[in-house]
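Understanding the architecture of this molecule
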Amino acid sequence: MPQVSMIPAPCRVLEALPQNAHDVRFVVEAPPLPAAAFAPEPGQFVMASLPGIGEAPFCVSALPGEGTAPGTFELLIRRTGRLTNLLTRLRPGETMYVRGPYGRRVDWERFEGASLIVMAGGLGLAPLRAFVRRALLRRDAFRRIDVMVGARSPDELLFKDELAAWKARRDDVHVRLIVDAAREGWGGRIGVITTLLDNFEGEVDGSHAFLCGPPVMYRHCLKRLLALGLYEGHLWLTLERRMRCGIGLCGNCQVSGHYLCQEGPLFSYRELRQLREAV
Amino acid sequence: MRRQKAMDQEVYRFPRSRLGALIERLARDYRVVGPVRRGAEHAWADVGPGAELALDYPTTMLPPRQFFAPPRELLFRFRRGADGRYTCHEPEAERPVALLGVHGCDLTGLRVLRSFHESSCRDRVVTGRLDRAFILGLACWAPCTAEAFCRDMASLESEAPAALYAWDLGDVLLVKVLTARGREVLQDVTALEAATSDEQVALRHRLRVRHEAFPSHLRFPPDRLAVALEAAADDLLWEATADRCLSCGRCNLVCPTCTCFDVGDEGTLDGAAAVRFRRWTGCQVPGFSKVAGGRDFRPTRAQQLRYRVVRKGKYMPERYGMVGCTGCGRCIAHCPTHISIREIFRQVGGGGGAGAAA
Amino acid sequence: MTRPKVAFFSFGSCEGCQLQVLSAEDALPDLLRAVEIVNFREAVDERRDDYEVAFVEGSLVRPADVEQVQGIRKRARILVALGACACLGGVNAIRNRRSVAELAREVYGGRRDGVFTTLPDASPLSSAVLVDYELRGCPIDRDEFLEAVRSLAAGTVPVTPAYAVCVECTLRGTACLLERGVPCLGGVARAGCGAVCPAYGAPCEACRGCHDVPNFEALGEAFARHGMARAVAAEKLQLFNNYREVRETWERALPSPSGT
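Residues numbered from 1 in each chain as written. Chains lettered and ligands numbered in written order. Predicted model: local features only at pLDDT ≥ 70, side-chain atom pairs only at ≥ 80, totals over all residues.

1. Section: the overall build of chain B
Check the secondary structure of chain B and you find 12 helices and 11 strands. Here chain B has a C-alpha radius of gyration of 22 Å; the compact-globule value for 358 residues is 21 Å, and the two agree. The dimensions of chain B, computed from C-alpha atoms along their principal axes, are 70 × 65 × 40 Å. By residue count, 48% of the 358 residues in chain B fall in the buried class. Look at the contacts in chain B between residues 6 or more apart in sequence, and 71% of them connect residues 24 or more apart. (Helix = DSSP H or I, 4+ residues; strand = E, 2+ residues; numbered from the N terminus. Rg over C-alpha atoms; globule rule 2.2 N^0.38 Å. Buried ≥ 20, exposed ≤ 12 C-beta atoms within 10 Å, placed from the backbone. Contact = placed C-beta atoms within 7 Å.)

2. A few points about the interface of chain C and chain A
Contact residues are listed per partner, giving 6 residues for chain C and 6 residues for chain A. Considered class by class, the residues forming the side of chain C that touches chain A number 3 nonpolar, 3 polar and no charged. (Nonpolar A, V, L, I, M, F, W, Y, C, P; charged D, E, K, R; others polar.)

3. Considerations on the domain arrangement of chain B
Many authors give the size of an interface as the accessible area that is lost as the parts come together. Residues and elements named next belong to chain B. Taken domain by domain, chain B consists of domain 1 (2-62 + 94-213) and domain 2 (222-261 + 284-349). The C-alpha centroid of domain 2 is placed 28 Å from the C-alpha centroid of domain 1. Domain 1 puts 22 residues into the contact, and the matching count from domain 2 is 21 residues. (Domains from an automatic or database assignment.)

4. Observations regarding the domain arrangement of chain C
All names here are of chain C. By the assigned domains, chain C splits into domain 1 (5-154) and domain 2 (165-251). Between the C-alpha centres of domain 1 and domain 2 there is a distance of 25 Å. Across the boundary between the two partners, domain 1 contributes 18 residues, which contact 14 residues of domain 2. Considering every element that reaches the side of domain 1 that touches domain 2, the biggest residue donor is helix α4 (residues 83-88), with 3 residues. Residue composition of the side of domain 1 that touches domain 2, grouped by class: 8 nonpolar, 5 polar and 5 charged.

5. Quick notes on the sheet that holds strand β7 (residues 116-121) of chain A
Each strand in a sheet pairs with another by means of backbone hydrogen bonds, the pair being arranged parallel or else antiparallel. Residues and elements named next belong to chain A. The 7 strands lie next to each other as β10-β9-β8-β7-β11-β12-β15, forming an open sheet whose pairing is mixed. Two strands lie at the open edges of the sheet, namely β10 (189-190) and β15 (266-268), each paired on one side alone. Across 6 bridges, strand β8 (residues 145-151) lies against strand β9 (residues 174-179) in parallel orientation. Each bridged residue has a counterpart across the sheet, and for Val147 the counterpart in β9 is Val175. Lying on the sheet, helix α3 (residues 160-168) is in contact with β8 and β9; it crosses β9 at an angle near 140 degrees. (Pairing = 2+ DSSP bridges. Axes fitted to C-alpha atoms, helices over the stretch in contact; angles between N-to-C directions.)

6. Quick word on the interface of chain C and chain B
Across the contact, 31 residues belong to chain C and 27 residues belong to chain B. Counting residues per element, the side of chain C that touches chain B draws most heavily on helix α9 (residues 216-225) of chain C, at 5 residues. Residue classes in the side of chain C that touches chain B are distributed as 19 nonpolar, 5 polar and 7 charged.

7. Quick notes on the sheet that holds strand β7 (residues 134-138) of chain B
All names here are of chain B. On the basis of which strands lie adjacent, the open sheet formed by 7 strands has the order β1-β9-β8-β7-β6-β2-β3 and mixed pairing. Sheet topology places β1 (11-15) and β3 (41-46) at the edges, where each strand pairs with a single neighbour. Pairs of neighbouring strands in the sheet enclose a mean axial angle of 25 degrees, with direction left out of account. When strand β2 (residues 31-38) meets strand β6 (residues 97-102), the two strands line up parallel, connected through 3 bridges. In the strand pairing of β6, Val32 is matched with Ala98.

8. Side note on helix α5 (residues 100-108) of chain C
Judged by how many residues are buried, α5 of chain C sits mostly at the surface: 0 of 9 residues are covered. Positioned one or two residues after α5 of chain C, Gly109 of chain C has a phi angle of 60 degrees, which is positive.

9. Here we look at the packing of helix α3 (residues 104-117) of chain B against helix α4 (residues 124-132) of chain B
All names here are of chain B. One can describe the packing of α3 onto α4 by two numbers: an axis separation of 10 Å at closest approach and a directional angle of 140 degrees. As far as their axial angle goes, α4 and α3 are oblique. In this structure, α3 crosses over α4, and the sense of that crossing is left-handed. On the side of α3, the interface is formed by Leu110, Leu113, Arg114 and His117, while α4 contributes Val126, Thr127 and Leu130. Residues belonging to the contact of α3 with α4 are distributed by class as follows: 4 nonpolar, 2 polar and 1 charged. (Parallel < 35°, antiparallel > 145°, perpendicular 65-115°, else oblique. Left-handed = near helix turned anticlockwise from the far one by under 90°.)

10. Observations regarding the confidence of the model for chain C
Of the residues in chain C, 96% reach a pLDDT of 70 or more, and the chain-wide mean stands at 93. Scored as a whole, the predicted complex attains pTM 0.93, and scored at its interfaces, ipTM 0.92. (pLDDT = per-residue confidence, 0-100.)

11. A few points about α3 of chain B
Residues separated by three or four positions in an α-helix point in the same direction, a consequence of the helix having 3.6 residues per turn. Residue and element names in this part refer to chain B. In this model, α3 (14 residues) spans 20 Å end to end at C-alpha, consistent with the 20 Å of a helix rising 1.5 Å per residue. Burial within α3 is extensive, with 12 of its 14 residues counted as buried. Regarding α3, the residues found buried are Gly104, Cys105, Asp106, Leu107, Thr108, Gly109, Leu110, Val112, Leu113, Arg114, Phe116 and His117. If you follow the buried residues of α3, they end up packed against β6, α4, β7 and α10 (301-320). (Expected span 1.5 Å × (residues − 1).)

12. Let's talk about the packing of helix α2 (residues 19-27) of chain B against helix α5 (residues 180-189) of chain B
Residue and element names in this part refer to chain B. Across the interface, α2 lies against α5 with an axial gap of 9 Å and an inter-helix angle of 125 degrees. The orientation of α2 relative to α5 falls into the category oblique. Along this stretch, α2 crosses α5, giving a crossing that reads as right-handed. Contacts from Ala21, Leu22, Arg25 and Leu26 of α2 reach α5 at Val185, Asp188 and Val189. Partitioned by chemical class, the residues of the contact of α2 with α5 number 5 nonpolar, no polar and 2 charged.

13. Digging into the nonpolar core
Core analysis: the largest hydrophobic core is formed by 266 residues, its most contacted members being Val118 of chain A, Ala166 of chain B together with Ala54 and Val56 of chain C. Sequence-distant contacts of Ala54 of chain C, defined by excluding residues within four places in its chain, comprise Ala7, Phe9, Ile72, Ala76, Leu79 and Val80 of chain C. (Core = buried A, V, L, I, M, F, W, Y, C linked by C-beta atoms within 7 Å.)

14. Considerations on the pairing of β8 of chain A
Residue and element names in this part refer to chain A. Most of β8 sits inside the fold, with 7 of its 7 residues counted as buried. Both β7 and β8 contribute to a ladder of 6 bridges, which runs parallel. When the bridges of β8 are listed, Gly121 appears paired with Gly150. Where the polypeptide runs from β7 across helix α2 (residues 125-137) and back to β8, its parallel neighbour, the crossover connection is right-handed. For the crossover that starts at β8, traverses α3 and ends in the parallel β9, the hand is right-handed. (Right-handed = clockwise from strand over helix to strand, strands pointing away.)

15. Some thoughts on the confidence of the model for chain B
Residues and elements named next belong to chain B. In the predicted model, chain B carries a mean pLDDT of 92, and the fraction of residues at 70 or more is 95%. Taken as a whole, residues 1-7 scores under 50 in pLDDT and shows 6 contacts with residues more than four places along the chain or in a different chain. Scored below 50 in pLDDT, residues 352-358 shows 18 contacts in the model against residues more than four places distant or in partner chains.

16. Topic: unusual backbone geometry
Each neighbour pair has its own omega, and for Gly100 of chain A with Pro101 of chain A the value is 0 degrees, a cis peptide bond. On the secondary structure map, Pro101 of chain A appears in strand β6 (residues 95-102). In this model, Ala160 of chain B is joined to Pro161 of chain B through a cis peptide bond whose omega is 5 degrees. Topologically, Pro161 of chain B is positioned in the loop between β7 and β8 (164-168). The backbone phi angle of Ser247 of chain B is positive, close to 55 degrees, even though this residue is not glycine. Within the secondary structure, Ser247 of chain B sits in the loop between α8 (237-242) and α9 (250-253).

17. Overview of the environment of Leu178 of chain B
Residues and elements named next belong to chain B. Within the secondary structure, Leu178 is located in the loop between β9 (172-177) and α5. On a C-alpha basis, the gap between Leu178 and Leu19 in space is 18 Å, while along the polypeptide they are 159 residues apart. Apart from the residues within four sequence positions on either side, Leu178 is in contact with Glu159, Ala160, Ala162, Ala163, Leu164 and Tyr165.

18. Details of the environment of His211 of chain C
Take His211 of chain C: it is sitting in the loop between α8 (196-199) and α9. Owing to 29 C-beta atoms within 10 Å, His211 of chain C belongs among the buried residues under this scheme. A sequence separation of 20 residues divides His211 of chain C from Ala231 of chain C, and the C-alpha atoms of the two residues are 20 Å apart. Sequence-distant contacts of His211 of chain C, that is, excluding residues within four places in its chain, are made with Pro286 of chain B together with Ala162, Tyr163, Ala164, Val188, Ala189, Arg190 and Ala191 of chain C.

Right, dumping it as structure tokens:
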């Protein structure tokens, strides 16, 4: 039966871990549905809300049982406005109201046997983290895995411990970080994320690439990856839209008649090229 | 063709004097709503003492979709329990509605509304209201406004989803039965007398005269719109027209086939209770296409105008099987600067090449 | 939860916005449970300076006003401008197109010297201090005020509509005044009032300023199409939107109104 109810379930916050001045990583108890019902896939989102304040979409940044305890999931929430001012202030034991998951479920078999290139700018790492976790969990199913992460400054980097843990896996996953600007003490690269593709040692042919970040990053990374010979059907982007309902009704996320909350927000560039005003 | 068909089916005479009885009969099961005079205009409102049913109305500003997806609708209430957690409570289903005197454009609009809600995601609240409604359709004899182009959009002669469909001949209405429920209700208030041969002749005559009364504005069928609009995607027409747009959003709100809504919360000062509601909005309303951080993914008026028109003429038929414009003319009549979707359709699809507007 | 301490102040205004607050009788007990009022000349005797939220009505019209609002800004964590005068300059700014000397001659027959001092322009609060939130309107809307208090007490920001008064008019089924040849500014005006004026037959005067993307050329065209001169639109806009920076947004798009 299609989902139509917009009624959320109360979900307990288990951990609230500030990442920097404005981003908080939340470990949340999954909605108390029949356990199997809350089974998000990488790239899907939930609608999270507070009564009397409002509701907004958030990509799931860690799936139940994938590096998290079963029956829990993670969200990364940035303080930007009316709702997130209060969501980011939630403490363990308090409640947020969640419904979902929503969005396209991508068939992971299509990626198997391929190399993966993950490029995340800023908040873009929040949804892509679920992809990397999934890939590392099934490490044998993929060839080389490259993860490139850009941030405005070292302070702005998200999931620093996890990035370090990925790095420690050495050849399992090639992690490279870059920041726009840094004070002394930053031993890593400085610049825009596309420069990480300049001497790219990984494979491009036959790879699948996953991109999420600010709009400028999309344009430049897209161009570079296509120039390197990546097939446009293997280039995956997560689009940001302000869904109000999540269930294909409210129209706010519509692009060229397509409801992104149902058909996206994850799209291949090949699919996106058909959509006017998408990127 | 349609004129003959009307005669083949069950068509009964309905003395105008029985309208009161019909309203009374329907009021037993429905909230009875119809066109009612309000100052110089007409609006859909509850029919009753002091609010006379005005079947001779030209048209209304807000379309009947307001009874199936209200302008502002409570989704549910939050109530805070003793443990500090909120529980959600959906409102109870309201009385089904009986709509009297719905013209072809708006009957078409209700079919478009259904086609949308039976597509990718069915809003059972909306389809449930449509299912339970009782609709009396009403034929138009003359264009309601200079802006109407229902004949071009093939909605002038629409009868579904009405239960009963009426041709108003003055003292008598000829009423066609379209559903079993319609027959049941009609039977309760009239003796189901067949139309006299004089009345049948009168109806045929009126229908012939009517055909002349509705001019043709477009020289192509509505199913050609999708291709024409695709070809005109980059036309200067959009910018030239959008220069006149106030971004007031009226075209969306008065449209019988717009469905977009915004979701909002309100609450009491002590936080004990709150509501979540939805409210009509649309692609021409400022803020509609904003995303977090204030970026707008459809920022210019030209893009927004094109989006509205292309959605009606191309995306909707492609995805839901019905053109999203009924030709009711409301968005033209109520646009402060008379931006005309009819004129845009004419220009993109008009004799020969698109792009003549540049 | 501790109740935030709030204060109300007023500058050049009719104090009608504060009266709106006081007239919210049903909500006052809840309001007083949600906040502690430490300074409100219109309502309470208390005069304390330890407020966190300052609601400030009125425009700045005298040199002393600037110093006083700067003092309020220093003490308040959150400063909320209340109403058209505080947000836009409001009706006080009608005088801004003429010199103080000229006005003094006309009003006081030139005998004003030494009576009081006046700033050359009546100005919105934002001309002198950082304003955190604006509650617009002449007067403010009671429900919008209560909703803002609720948001601030909960620790977050109030939201106000970005769209035109036409949206609210159409949603409540009000027939368009412009269509009847009445000079209504609803198409450029910011909503949030519930379109109350047009509902009672009075055209919108844009007391909340303009919405996010006003198109003044199109407003002029709309007036012309409905049998009115484009200059009438400019004339109407002067009532609430005459402060220099606000006026600049529409001035070039419309012909000058007569008599200015």
